[in-house]
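Report on the structure
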Amino acid sequence: MSSQPNILFIVTDQHRGDCIGADPDSPTDADGYPLVHTPNLDSLVSEGAMFTRAYTPSPSCLPARRSLLTGQTPATNGAPGWVETPWEFEHTLPGELRKAGYQTKLVGKIHSVPIRNHVGFESMEQHEALFSHPDDDYTRWLKRESDGRFDELSHGLGRNSWDPRPSHLPEHLHPTNWTTDRALEFLDQRDETRPFFLNLSYVRPHTPFDPPQAYWDMYVDRDTPTPYVGEWAEEVYGEKIPEYPAVDAWVADLSPTIIHRVRAAYYGLITHIDHQLKRVFDKLRVLNELDNTAVVMLSDHGEMLGDHYLWRKTYAYEGSTRVPLLMRFPASSDLPRKRIVDRPVGLEDVMPTLLSLAGAPIPDTVEGGNLIDLLEDPSRDDWREWYHGEHAAGSYDPENAMQYVVDGRHKFVWNPVTGRELLFDLGSDPGEEQDRSNDPAYEKVLGEARSVLVNRLDGRSEEFVTDGELTTTTAVHEAIADPDAVGDADDCQSGD
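Predicted model only: the values in this text are computed from it and were never measured. (Residues numbered from 1 in each chain as written. Predicted model: local features only at pLDDT ≥ 70, side-chain atom pairs only at ≥ 80, totals over all residues. Heavy atoms only, no water.)

**Focus: the overall build of the protein**
Regarding its fold elements, the protein presents 14 helices and 17 strands. Principal-axis analysis of the C-alpha atoms places the extent of the protein at approximately 60 × 50 × 50 Å. Taking as baseline every contact in the protein between residues at least 6 positions apart, the subset at least 24 positions apart corresponds to 71%. As displayed, the protein has an accessible area near 18500 Å², and 45% of this comes from carbon and sulfur atoms. When the 45 positive and 85 negative side-chain charges of the protein are each reduced to one mean point, those points stand 6 Å apart. (Helix = DSSP H or I, 4+ residues; strand = E, 2+ residues; numbered from the N terminus. Contact = heavy atoms within 4.5 Å. Areas by Shrake-Rupley, 256 points an atom, 1.4 Å probe, with all protein chains shown as cover. Lys, Arg positive; Asp, Glu negative; His and termini not counted. Charge placed at Lys NZ, Arg CZ, Asp CG, Glu CD.)

**Here's the deal with the pattern of salt bridges**
Counting across every chain of the model gives 40 salt bridges. Residue D18 is joined to R16 by a salt bridge in which the shortest nitrogen-to-oxygen separation is 2.9 Å. Through salt bridges with shared partners, one network takes in D23, D25, R53, E318, R322, K411 and E432. (Salt bridge = Lys/Arg side-chain N within 4 Å of Asp/Glu carboxyl O.)

**Let's talk about the environment of L354**
Considering the arrangement of structural elements, one finds L354 in helix 11 (residues 350-358). On the basis of relative accessible area, L354 is assigned to the buried category, the value being 0%. Along the chain, L354 and V296 lie 58 residues apart, while their C-alpha atoms are 8.7 Å from each other. (Buried < 20%, exposed > 50% of the residue type's maximum accessible area, 1.4 Å probe, protein only.)

**Observations concerning the packing of aromatic side chains**
Under the criterion given, the structure shown has 21 aromatic pairs. Note on Y219 and Y267: the rings are 5.7 Å apart at their centroids and 70° apart in plane angle, and the pair reads as edge-to-face. Taken together, the residues span a long stretch of sequence, with Y219 in helix 7 (residues 213-220) and Y267 in helix 9 (residues 256-286) at a distance of 48 residues. The same class applies to Y219 and to Y267, which are both buried. Centre to centre, the rings of Y237 and W250 are 6.2 Å apart; their planes meet at 80°, and the pair counts as edge-to-face. Note that Y237 is positioned in helix 8 (residues 233-237) and W250 in the loop between helix 8 and helix 9, a separation of 13 residues in sequence. Assessed through its relative accessible area of 7%, Y237 is described here as buried. Residue W250 is classed as buried on the basis of its relative accessible area, which comes to 12%. Among the aromatic residues, those joined into a cluster by ring pairs are W232, Y237, W250, Y315, Y317, Y396 and F424. The aromatic ring of F131 is capped on one face by R159, whose charged end is 5.1 Å from the ring centroid. Lying across the ring of Y404, K411 places its NZ or CZ 5.5 Å from the centre. (Phe/Tyr/Trp six-rings, centres within 6.5 Å; stacked < 30°, edge-to-face > 60°. Lys NZ or Arg CZ within 6 Å of the ring centre and 35° of its normal.)

**Some details on the sheet that holds strand 13 (residues 402-406)**
Strand pairing in a sheet relies on backbone hydrogen bonds, with the paired strands running either antiparallel or parallel. Here we have four strands laid out as an open sheet, ordered 12-13-14-15, and antiparallel in their pairing. With partners counted over all chains shown, the strands left at the sheet margins are strand 12 (387-391) and strand 15 (421-425), one partner each. On average, each strand axis in the sheet is inclined to that of its neighbour by 15°, with strand direction left out of account. Where strand 13 lies against strand 14 (residues 410-414), four bridges are found, and the strand directions are antiparallel. Note that in strand 14 the partner of Q403 across the bridge is W414. Docked against the sheet, helix 13 (residues 443-457) engages strand 12, strand 13, strand 14 and strand 15, running at close to 55° with respect to strand 14. (Pairing = 2+ DSSP bridges. Axes fitted to C-alpha atoms, helices over the stretch in contact; angles between N-to-C directions.)

**Quick look at the packing of helix 7 against helix 9**
At a closest axis distance of 8 Å, the pairing of helix 7 and helix 9 adopts a crossing angle of 125°. Here helix 9 runs oblique to helix 7, going by the angle between their axes. With respect to the hand of their crossing, helix 7 and helix 9 are arranged in right-handed fashion. Facing Y215, W216, M218, Y219 and V220 of helix 7, the residues of helix 9 in contact are H260, R261, A264, A265, Y267, G268, T271, H272 and H275. Residue composition of the contact of helix 7 with helix 9, by class: eight nonpolar, five polar and one charged. (Parallel < 35°, antiparallel > 145°, perpendicular 65-115°, else oblique. Left-handed = near helix turned anticlockwise from the far one by under 90°. Nonpolar A, V, L, I, M, F, W, Y, C, P; charged D, E, K, R; others polar.)

**Thoughts on the nonpolar core**
F9, F51, L93, F197, L298, M327 and L354 are the most contacted members of the largest nonpolar core, which totals 47 residues. Elements supplying a minimum of two residues to this core: strand 1 (6-13), strand 2 (48-51), helix 2 (61-70), helix 4 (93-99), strand 7 (293-299), strand 9 (325-328), helix 11 and helix 12 (371-376). Counting residues per element, this core draws most heavily on helix 11, which supplies six residues. Setting aside residues up to four positions removed in sequence, F197 forms contacts with I7, F9, L93, P94, L97, Y102, Q103, T104, K105, F121 and L354. One finds I20, M50, L277 and L326 within the second-largest nonpolar core, a separate group that totals 25 residues. (Core = buried A, V, L, I, M, F, W, Y, C linked by side-chain atoms within 4.5 Å.)

**Some thoughts on the pairing of strand 4 (residues 103-108)**
When you tally the buried positions in strand 4, you get six out of six residues, the bulk of the element. In terms of strand pairing, strand 4 meets strand 6 (residues 196-205) through six bridges, oriented parallel. Looking at the pairing, L106 lines up with N199 of strand 6.

**Examining a negative patch on the surface**
On the surface, a cluster of negative charge is contributed by D334, D373, E376, D377 and D381. By the element assignment, D381 lies in the loop between helix 12 and strand 12. (Patch = residues over 30% accessible without salt bridge, like charges linked within 9 Å, V, L, I, M, F, W, Y side chains within 5 Å.)

**Topic: the side chain of H308**
Here H308 lies in the loop between strand 7 and helix 10 (318-321). For H308, a relative accessible area of 1% gives the class buried. If sequence neighbours within four positions are ignored, H308 has contacts with Y228, V229, G230, W232, A233, Y237, Y317, G431 and E432.

**Describing the sheet that holds strand 1**
Reading across from one edge, 5-4-6-1-7-9-2-10 is the order of the eight strands in this open sheet, with mixed pairing throughout. The open sheet has two edge strands, strand 5 (123-126) and strand 10 (339-341), and neither has a second partner. In this sheet, adjacent strand axes meet at a mean angle of 10° when their direction is disregarded. Pairing of strand 4 with strand 5 involves four bridges; the strand directions are parallel. The residue of strand 5 that forms the bridge with K105 is S123. Packing of helix 6 (residues 175-189) onto the sheet brings it into contact with strand 4, strand 5 and strand 6, and relative to strand 6 it is tilted by some 170°. Along the sheet, helix 9 makes contact with strand 1, strand 6 and strand 7, crossing strand 6 at roughly 160°.

Set out below in structure tokens:
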């Protein structure tokens, strides 16, 4: 057995941070127990840690995954929003692990550009769920299995639709099962002379909201929480709410019945993934590899689920920006267990952390911090006080650009197009329903947060800062397509 641990790197797509049963903000049932059933993910915490304030640096698929695989902030790697420029990086997480002797494998989604760019992975079997990638491995497999009679979207739901229903596919043909099956095949056929880095990357719970029937049934007859609606939301988004929303509308005031069905489907997709993960953990146990395997689970960004009338992502609010982040350590590790860490962390911190676990050098290009340092001393004073995230305008609406900073308790949001500021006290208001930016009691916090954001943005090419003050601008990073092009891309992909 190698002295280096194996690494199982689980990535879900569009998975809210509060939709893990173990998360303190996870919705509860009438008896106070977690509503979202994720027993296998919850169990990771007993042999590891959970980060309850983990955030994405840019809450849409392409920029988030660029940061995840490079350890860099969006501004550094050229993607402060949705961009489709080629991924040409000197150092990537799978590339560095491969150099360190790992067999690197991806099953599922990577969303690299161009579409079969391995970005350092030795091999990949892809399910991208992209109209621009109509011949990915899952799509071709399903066509063979069905003799061409149906495909992933034969149920009539769109890639970005809020409209939910149970899957038309038998459970064993669902993409979540396919992705798991490919991981199990890899574990059976891997090179046993090397440690492995297996990126198990599920497309769900990203739309379409189509769990297998059993998982739909698990939630559809239960009470689900109503969306958070801020007292400020009508003023910010009211005029944009359509009378007759399209099924892929980014803002919509939908009926309570539809929202309930959406949430039932979304939770069902998450529990489906959780049950499939047990198959992987059991396989590792049978192979006598579980004790020598580090497990990390996270998502690229969240899903608004109707909070503040919003759907999908790219927004600064918790449903969009906060993600799950769980870790399980190898049995031989002397790292502390059962850690619940509430310091602000982000996706760029994952690369240095996994390289550290592997005993591999961390390239100078990496900007993220090593989460191992934080685990060993959660109160350390050299960790970042504020975490910064952003998304450029144009993804759904030219005015939807945002910048945010969060310290775990407070979040400051600034729109660089409209100049609108919002301040939330997440401790007393986890749903961000009350804007504190004009509350005298929060004047000091507002000033500090604004100053932090000024320091982050000063000198940027978009000219967000003038004479030490935040300045509205319609400038968009030069790598970002024009709004029409971005809209087209949004229609033909699943991770926007």
